[in-house]
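The chain contents come next:
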Amino acid sequence: MDNYDHTDTRILNELQRDAGQSLEALGEAVGLSRNATWRRVKALEEAGIITARVALVDPVKVGQGLMVFMQVRTHSHDPDWQAKFNRATRIIPGILSVYRMTGDLDYLIRARVRDVAGYDALYQQLIHQVPIADVAASFVMEEIKDSAALPL
């Protein structure tokens, strides 16, 4: 997008705060008419800057109160193993994020489960779909900050 400017940044900040607000409210917040706001939002979507508009759900209220970070090490780095691992982590419910890492750790997985038994079920699903050398899990005791908003 060639004309990305301060107004677009303000629109993105507003949408990160509340993507469900009306175009009128969004336009009022950034000083544009409804139509001008709509055009800019569409341009941001078409440029791939806005990739999705989602609702954030309280994990505790839907029975997914335990967040776990899984540190995965593997013996294999060949393309077939990576494809199996990528496919497995995409389809297993509860896995929210997967990152390929540098250093001693190969992959970091962020997941949400009901409890430790839920974690064990998720772990069993993963190791039955793809061989893994080692998995270490850390359970979140307190969430101090968890945001999807990017600092713009």
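Above: the structure in question.
Quick notes on the rules
Residues numbered from 1 in each chain as written. Predicted model: local features only at pLDDT ≥ 70, side-chain atom pairs only at ≥ 80, totals over all residues. Heavy atoms only, no water. Pairing = 2+ DSSP bridges. Helix = DSSP H or I, 4+ residues; strand = E, 2+ residues; numbered from the N terminus. Axes fitted to C-alpha atoms, helices over the stretch in contact; angles between N-to-C directions. Contact = heavy atoms within 4.5 Å. Salt bridge = Lys/Arg side-chain N within 4 Å of Asp/Glu carboxyl O. Buried < 20%, exposed > 50% of the residue type's maximum accessible area, 1.4 Å probe, protein only.

## What to know about the sheet that holds strand β2 (residues 95-100)
Here is step 1 of the chain: Strand order in the open sheet formed by four strands is β2-β3-β1-β4, with antiparallel pairing between adjacent strands. Lying at the two open borders of the sheet, with one neighbouring strand each, are β2 and β4 (134-139). Recorded for the sheet is a direction-independent mean angle of 20° between the axes of neighbouring strands.
Here is step 2 of the chain: Relative to strand β3 (residues 107-113), β2 runs antiparallel, the two being bridged by five bridges. In the sheet register, Val98 faces β3, and the bridge partner there is Ile109.
Here is step 3 of the chain: Contacting β1 (66-73), β2 and β3, helix α4 (residues 79-91) runs over the sheet at an angle of about 20° to β3.

## Looking at the pattern of salt bridges
Here is step 1 of the chain: According to the stated counting rule, one finds eight salt bridges in the structure shown.
Here is step 2 of the chain: Two residues, Glu143 and Arg112, come together in a salt bridge whose shortest N-O distance is 2.4 Å. Taken together, the positions of Glu143 in the segment after β4 and Arg112 in strand β3 put the pair 31 residues apart, joining distant regions of the chain.
Here is step 3 of the chain: Taking relative accessible area as the criterion, Glu143 reaches 39% and is therefore assigned partly exposed.
Here is step 4 of the chain: Residue classification places Arg112 among the buried positions, given a relative accessible area of 7%.
Here is step 5 of the chain: By sharing partners, the salt bridges in this structure join Asp5, Asp8 and Arg40 into a single network.

## What to know about the environment of Leu105
Here is step 1 of the chain: Residue position: Leu105 is located in the loop between β2 and β3.
Here is step 2 of the chain: Take Leu105: its relative accessible area is 15%, and that puts it in the buried class.
Here is step 3 of the chain: Not counting the four nearest positions on each side in its chain, Leu105 is found in contact with Gln71, Val72 and Arg73.

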